[in-house]
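Commentary on secondary and tertiary structure
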Amino acid sequence: MKIKKETNPNNMPVAADAYLYSSETANDQPLASCGLWWSNTPALEGKKVAALGAYQAQSRDAASQLLSEALEQLKNVDCSMVIGPMNGDTWHSYRLMTEAGDEPPFLMEPWNPTEWPQDFLDAGFRPLTTYFSARTNDLTTRDSRIPKVQARLEANGIRIRPFRLEEFEAELDRIFDVSLASFPANYLYTPISREEFHRLYLPAKPLVHPQLVLIAEQGDEPVGYVFALPNAKPGSDQMPSDIIVKTLAVRPGRAYAGLGAWLLDEVHTYAHQLGFRSAIHALMHENNNSLNLSGRSSTIIRRYTLYFHSLA
């Protein structure tokens with residue numbers, strides 16, 4: 001078996017600098033394949049990193065050869081390490097599920113065979129950082145801190161309102177503006193264009209419920225938002241029992257202290273009024289404080305890992 005390389009591949013979910021795949025196939029797919037990115041990737045501790053993503057492997061031998069060849073190819077680029085799996089940046093798909101737990105996958109959750117994490121470890125990768133998803137079963141008890149926070153923020157002209165579906169793209173622009181201000185401090189952050197942001201969020205339009213996507217505004221300026229979706233099963237008309245809280249973002253600054261907790265409290269309250277019984281806080285970084293924003297108890301249901309390998 002040989003590992004082949006393509007440049008400027010057109011079969012990748014996100015444009016990659018190169019695509020590696022095995023010459024042998026099964027089920028009309030290469031036994032192993034991945035994309036490599038190095039042109040527009042994040043920095044870590046001031047050093048540029050490469051990314052290995054769009055990973056799939058049906059054979060452990062093919063996986064070993066693929067990852068070995070990927071590391072060899074990346075020695076020729078000006079990066080200190082490779083991070084994976086990551087489709088170029090953290091706006092797109094990244095990390096592996098490493099502790100599955102007992103619950104089925106939720107909507108848009110990354111899911112992978114249990115062998116894949118070991119493929120990375122066997123190739124010399126090591127865990128870089130971890131993430132988790134957690135379930136909150138209490139949507140009825142209001143955080144006792146919220147009334148005081150709400151009164152202070154409202155006195156400063158801040159209001160929370162539901163998403164306006166009839167202005168979908170304009171609402172995405174408001175969310176994007178908050179994201180640009182809020183996300184630069186996030187781990188492995190890279191900037192993104194407004195157009196690419198729209199491309200990422202437009203597929204979710206059929207799932208958006210106005211009372212589950214809330215925008216906080218100070219006058220006409222968006223200052224925070226929470227983006228949640230019903231945990232709908234593809235092809236099912238049955239109402240799901242839980243929502244997925246995908247993103248919570250607030251502009252930095254003391255003036256907005258507590259706004260994240262208020263937004264989270266509001267979306268939980270709306271979800272309960274709509275008939276949902278629980279909320280999944282999805283794919284949070286290990287240092288994320290979102291679970292501490294609410295007085296409700298939460299239980300971790302899944303863990304994920306992002307790996308690295310030195311290129312020195």
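Everything discussed here concerns the structure shown above.
These notes cover the structure that comes with them. If you're wondering where the values come from, they're calculated on a predicted model, not measured in any experiment. (Residues numbered from 1 in each chain as written. Predicted model: local features only at pLDDT ≥ 70, side-chain atom pairs only at ≥ 80, totals over all residues. Heavy atoms only, no water.)

**Brief notes about the packing of aromatic side chains**
Applying the stated criterion across every chain yields a total of 12 aromatic pairs. Aromatic pair Phe120 and Phe125: ring centres 5.0 Å apart, planes at 70°, arrangement edge-to-face. An aromatic cluster of at least three residues, connected via ring pairs, comprises Trp91, Phe176, Phe183, Phe197, Tyr201 and Phe227. Here Arg95 stacks its cationic end above the ring of Tyr94, 3.8 Å away from the centre of that ring. Across the ring face of Tyr131, the terminal group of Arg95 is positioned such that the distance to the ring centre comes to 4.7 Å. (Phe/Tyr/Trp six-rings, centres within 6.5 Å; stacked < 30°, edge-to-face > 60°. Lys NZ or Arg CZ within 6 Å of the ring centre and 35° of its normal.)

**Digging into the side chain of Asp89**
Tracing the chain through its elements places Asp89 in the loop between strand E8 (81-84) and strand E9 (96-99). No salt bridge is formed by the buried Asp89. Its closest oppositely charged neighbour is Arg199, at 10 Å. One polar contact links the side chain of Asp89 to the main-chain amide nitrogen of Trp91, over a distance of 3.0 Å. A distance of 2.8 Å separates a polar atom in the side chain of Asp89 from a polar atom in the side chain of His92. Every residue in contact with Asp89, bar those within four places of it in the chain, is listed here: Pro42, Tyr94 and Thr190. (Helix = DSSP H or I, 4+ residues; strand = E, 2+ residues; numbered from the N terminus. Buried < 20%, exposed > 50% of the residue type's maximum accessible area, 1.4 Å probe, protein only. Lys, Arg positive; Asp, Glu negative; His and termini not counted. Salt bridge = Lys/Arg side-chain N within 4 Å of Asp/Glu carboxyl O. Polar contact = N/O pair within 3.5 Å; in protein donor to acceptor, adjacent residues only side chain to side chain. Contact = heavy atoms within 4.5 Å.)

**Details of helix H4 (residues 168-182)**
Here H4 contains 15 residues, and its C-alpha end-to-end distance of 21 Å stays within 8% of the 21 Å for a straight helix at 1.5 Å per residue. Listed as buried for H4 are Phe168, Glu171, Leu172, Ile175, Phe176, Val178, Ser179 and Ser182. Down the axis of H4, the buried side of the element spans an arc of 165°, and every buried residue falls inside it. Buried residues along H4 sit against strand E11 (158-162), helix H5 (194-201), strand E12 (213-218), strand E13 (221-230) and strand E14 (242-250). (Expected span 1.5 Å × (residues − 1). Arc of directions from axis to C-beta.)

**As for the packing of helix H3 (residues 146-155) against helix H6 (residues 259-273)**
Closest axis-to-axis distance for the H3/H6 pair is 10 Å, and the angle between their directions is 115°. The two elements H3 and H6 meet at a crossing, and its hand is left-handed. From H3, Ile146, Gln150, Leu153 and Glu154 reach across to H6, where they touch Leu259, Ala261, Trp262 and Asp265. For the contact of H3 with H6, a count of residues per class yields five nonpolar, one polar and two charged. (Axes fitted to C-alpha atoms, helices over the stretch in contact; angles between N-to-C directions. Left-handed = near helix turned anticlockwise from the far one by under 90°. Nonpolar A, V, L, I, M, F, W, Y, C, P; charged D, E, K, R; others polar.)

Any functional reading would require information beyond the geometric quantities listed.
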